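Notes for the structure review
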Amino acid sequence: MKKRLLAALMAGAMALTMTACGGTNNDNANTDTNDTAEGGTAGSYKVGIVQLVQHEALDAATQGFQDKLKELVEADGGSVEFDLQNASGDSANCATIVNGFVSSGVNLIMANATAALQAAQAATADIPILGTSVSDYGTALGVTDWTGKTGTNISGTTDLAPLDGQAEMLQELFPDAKNVGLLYCSGEPNSAYQINTIKPILEGMGYTCTEYAFTDSNDVASVAQNAASASDVIYIPTDNTAASCTEAIANVVLPAKVPVVAGEQGICSGCGVATLSIDYYELGQITGEMAYDILVNGSNPGDMEVQPAPNFTKMYNAANCEALGITVPDGYTAIEG
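These lines cover the structure that appears in this document, whether it is placed above or below. (Residues numbered from 1 in each chain as written. Predicted model: local features only at pLDDT ≥ 70, side-chain atom pairs only at ≥ 80, totals over all residues. Heavy atoms only, no water.)

1. With respect to the pairing of strand 7 (residues 208-214)
Short version of the rule: Two strands are counted as paired when DSSP detects at least two bridges linking them. Under the scheme used here, helices are H or I runs from DSSP no shorter than 4 residues and strands are E runs no shorter than 2 residues, and both carry numbers assigned from the N terminus. We call a crossover right-handed when, viewed with both strands directed away from the observer, the connection leading from the first strand over the helix to the second proceeds clockwise.
Of the strand pairs in this sheet, strand 6 (residues 179-185) and strand 7 are connected by 7 bridges, and their pairing is parallel. Each residue of the ladder has a partner; that of Y184, found in strand 7, is A213. For the segment spanning strand 6, helix 7 (residues 189-204) and strand 7, crossover handedness is right-handed.

Next comes the structure, spelled out in structure tokens:
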């Protein structure tokens, strides 16, 4: 009897020892997984993308963002799912979209254009937000003492080209012009910011500048007609409404023989003659790199500098220049397509 009791006790002790060893191995496995995650190995992420409107520049930025983030995450062993939604140019739609992202618990929101960024800012102070195709973050976010960082859950990339450089390009192409029409959407704060910045520069060069502001796509053609009838040259900043209405603008300015200098390539392709522009796909890729740093490396958006485009290129629309009899000097690149 004593021998049986001793054997049972020994068997129980061995079972406890094996269980303890098994628990230790599981703990070590969990520790190893956490350590690996801290080392930068990617997990699975859901990213919400809200784009204000569909047009060439914003589409390119969104595609660059998706391509680069997917490339980086998958190379690090993870996966990323995108929920891409377009607001069709309506700020109220932006709010509805981002509120949906917040409710579904996305890991990050990418807001393409100023109205999209403003909607994301209003929707959440917790989920990381990256903007792109935003000209001025201080204006967009209501920050008066802008330093380059938000200190919040927001960062991103800016598409603002040097406005003094655009003014110099206008002067280079049209030194004998007198009146410059400034055509933009009054509902886009970043467009107003660009106009307020470039107007005194052009006036300092001797041009008489007149603002022609449309409220939405419904009055673009009529306001463009007013601008064309009183201007030698028209300047259009990076403006999303204008970019989505280039055909309507072209139908006014080309028959009137009034050239348009544009703030970005997409507008120039549709109705302009020249631009000092960026590569929006490249801008989107930079935004994707920032998203990777946030999602995988744990970077804080508020500590990340808003990033500018790395390159600016003088470009011209060959067809429109030929139609208007404009000879472009050396140093300009023809817009393809």
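2. What about the environment of Y212?
To be explicit about the condition: Note on exposure labels: buried denotes an accessible area under 20% of the residue type's maximum, exposed denotes more than 50%, and partly exposed covers the range between, all computed with a 1.4 Å probe on protein chains only.
Along the chain, Y212 falls in strand 7. The class for Y212 is buried, based on a relative accessible area of 13%. The spacing of Y212 and I234 is 22 residues in sequence and 9.7 Å in space, taken between C-alpha atoms.

3. A few points about helix 6 (residues 163-173)
Going by this rule: Contacts are assigned to residue pairs that have any heavy atoms within 4.5 Å of one another.
Every buried residue of helix 6 is listed here: L163, G165, Q166, A167, M169, L170 and L173. Lining the buried residues of helix 6 we find strand 6, helix 7, strand 8 (233-236), strand 9 (260-262), strand 10 (274-277) and strand 12 (313-316).

4. Looking at the pattern of salt bridges
Keep this limit in mind: In what follows, salt bridge is the name for a side-chain nitrogen of Lys or Arg lying within 4 Å of a carboxyl oxygen of Asp or Glu.
Inspection of the entire model under this criterion finds 3 salt bridges. Here E211 makes a salt bridge to K199, at a shortest N to O gap of 3.4 Å. With a gap of 12 residues between them, E211 in strand 7 and K199 in helix 7 connect regions that are remote in the sequence. Residue classification places E211 among the partly exposed positions, given a relative accessible area of 32%. Taking relative accessible area as the criterion, K199 reaches 22% and is therefore assigned partly exposed.

5. Observations concerning empty space enclosed by the protein
Our working definition: Buried and open spaces are told apart on a 1 Å grid over the protein atoms alone, a cavity being a set of points where a 1.4 Å probe fits but cannot get out and a pocket being an open set with protein on both sides within 12 Å along at least five of seven lines. Residues with an atom within 4 Å of a point are the lining residues. Grid points are joined across faces, edges and corners, and a volume is the space filled by probe spheres set on the points. Three classes are used, and their members are as follows: Ala, Val, Leu, Ile, Met, Phe, Trp, Tyr, Cys and Pro are nonpolar, Asp, Glu, Lys and Arg are charged, and the others, Gly among them, are polar.
Overall, the coordinates contain 1 cavity of 30 Å³ or more when judged by the stated rule. Put simply, the largest cavity is a space of about 120 Å³. In terms of lining residues, the largest cavity is bounded by 17 residues, among which S133, D159, T238, D239 and N240 are the most central. Of all elements in the fold, only helix 2 (56-75), strand 4 (129-134), helix 7 and helix 9 (240-243) reach the threshold of two or more residues within the lining of the largest cavity. Here the lining of the largest cavity is composed, by residue class, of 5 nonpolar, 8 polar and 4 charged.

6. Observations regarding the layout of surface pockets
Roughly 310 Å³ of volume is contained in the largest pocket. Considering the residues around the largest pocket, the lining is formed by 18 residues, among which L52, G89, C185, E188 and T241 are closest to the centre. Of the residues forming the lining of the largest pocket, the biggest block, 3 residues, is contributed by helix 4 (residues 114-123). Looking at the lining of the largest pocket residue by residue, the classes come out as 6 nonpolar, 10 polar and 2 charged.

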